[in-house]
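Structural features, examined
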Amino acid sequence: MKYNTKLSTDLIRVVPVSKKEWQFEFPRLENRVYEVLDSAIDQLEEGDLSKAITDFQLLIQGFPEFLDAYHHLAMAYDELGKHDQARELWQAASEIGKNAFPDAFRGSKHRLPWIILENRQFLRVCHAWGLELLNDNTLGALKIFRDMLSMNPNDNQGIRALAIDCYFRLGKPEKVVSLCNRYRGDTMEQLVYGRVLALFQLGKLEDARVALQDAIRWLPNVAGELVKKT
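These notes cover the structure that comes with them. (Residues numbered from 1 in each chain as written. Predicted model: local features only at pLDDT ≥ 70, side-chain atom pairs only at ≥ 80, totals over all residues. Heavy atoms only, no water.)

With that settled, the discussion passes to empty space enclosed by the protein. Empty space among the atoms can be located by rolling a probe the size of a water molecule over them. This structure, assessed with the given rule, holds one cavity of 30 Å³ or more. Each pocket or cavity is described by its volume, and for the largest cavity that value is around 30 Å³. Along its surface, the largest cavity is lined by L123, M148, L149, N152, D155, Q157 and I159. Partitioning the lining of the largest cavity into residue classes produces four nonpolar, two polar and one charged. (1 Å grid on protein atoms, 1.4 Å probe; cavity = no way out; pocket = protein on both sides within 12 Å on 5 of 7 lines; lining within 4 Å. Points joined across faces, edges and corners; volume = space filled by probe spheres on them. Nonpolar A, V, L, I, M, F, W, Y, C, P; charged D, E, K, R; others polar.)

Right, dumping it as structure tokens:
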């Protein structure tokens, strides 16, 4: 199915709220619309996929700017094994969001923080679309993850761990170390143990040994799993 990904600013737009921070606006999405979404999500979680899919589709038809409706419809299709339809929805939703940014927005200096609720729809679909690309287009997935970390450096979604996965797949351990340094003190397991592996791959064995000692001290249960034979 073809989706219109270039919508009017009357439907969806990204506007500044401070010198650095921006947010999405959805002028037509009133509380009653979110109530329909919440009801459809409940149906999805309860296993009534048919009814949930119908409601998500109706929301998209009536409100083509409603990124969360695309996201949850994609989740429903994915659960049914209709991966192509899910992939198409995540891609369309991410493009709708990207096309809403004005030329004045600069990812290098402007932010789209997760703490602003209106931004979460777009950040969620970016996360999902990046995951969808991860296995067959690592570079494409990495670009999405890097853009997300630039826009929302506090990274409330754990995107930094996915970026590290991409760097390892691409054979770039130096980028892993750089990202770990950017989030120094972070005890997320992918960063803690990823740093060890990256230093080892770079031949910095003493640094890797020290990093491993820290990793074992901070996350001993992960170390226990890693040394198991099965």
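What follows picks up the thread again.
Another aspect to go through is the pattern of salt bridges. Between side chains of opposite charge, pairing is possible as soon as their charged atoms come close. Tallied over the full model, the rule gives 14 salt bridges. Measuring nitrogen to oxygen at the nearest pair gives 2.8 Å for the salt bridge that ties R13 to E25. Taken together, the positions of R13 in strand β1 (residues 13-16) and E25 in strand β2 (residues 22-25) put the pair 12 residues apart, joining distant regions of the chain. For R13, a relative accessible area of 27% translates into the label partly exposed. You can call E25 partly exposed: its relative accessible area is 27%. The partner of R209 in a salt bridge is E206, and the shortest N-O contact between them spans 2.5 Å. With R209 and E206 both in helix α10 (residues 205-218) and three residues apart, the pair spans about one turn of that helix. Through salt bridges with shared partners, a single ionic network connects R87, E132 and D136. (Salt bridge = Lys/Arg side-chain N within 4 Å of Asp/Glu carboxyl O. Helix = DSSP H or I, 4+ residues; strand = E, 2+ residues; numbered from the N terminus. Buried < 20%, exposed > 50% of the residue type's maximum accessible area, 1.4 Å probe, protein only.)

With that settled, consider the packing of aromatic side chains. Scanning all chains against the criterion turns up eight aromatic pairs. The interplanar angle of 90 degrees and the centroid separation of 5.4 Å between the aromatic rings of W22 and F105 together place this pair among those described as edge-to-face. Taken together, the residues W22 in strand β2 and F105 in the loop between α4 (83-99) and α5 (120-133) connect sequence positions 83 residues apart. For F105, a relative accessible area of 11% gives the class buried. Feature note: the residues W22, F24, F26, F101, F105 and F122 constitute an aromatic cluster, connected by ring pairs. The ring of Y183 has R160 lying over it, and the distance from NZ or CZ to the ring centre is 5.4 Å. (Phe/Tyr/Trp six-rings, centres within 6.5 Å; stacked < 30°, edge-to-face > 60°. Lys NZ or Arg CZ within 6 Å of the ring centre and 35° of its normal.)

This paragraph deals with the packing of helix α7 (residues 159-169) against helix α8 (residues 173-182). One can describe the packing of α7 onto α8 by two numbers: an axis separation of 8 Å at closest approach and a directional angle of 160 degrees. Taken together, α7 and α8 sit at an angle that is classed as roughly antiparallel. Where α7 crosses over α8, the two elements pack in a sense that is left-handed. For the pair formed by α7 and α8, the contact residues are R160, A163, I164, Y167 and F168 on the first element and K175, V176, L179 and C180 on the second. The residue inventory of the contact of α7 with α8, partitioned by class, reads seven nonpolar, no polar and two charged. (Axes fitted to C-alpha atoms, helices over the stretch in contact; angles between N-to-C directions. Parallel < 35°, antiparallel > 145°, perpendicular 65-115°, else oblique. Left-handed = near helix turned anticlockwise from the far one by under 90°. Contact = heavy atoms within 4.5 Å.)

What follows concerns the environment of L117. The residue L117 is located in the loop between α4 and α5 in this model. Classification of L117 by relative accessible area gives exposed; the value is 58%. In this structure, the C-alpha to C-alpha distance between L117 and L11, residues 106 residues apart in sequence, is 17 Å.

Nothing here speaks to function; it is geometry throughout.
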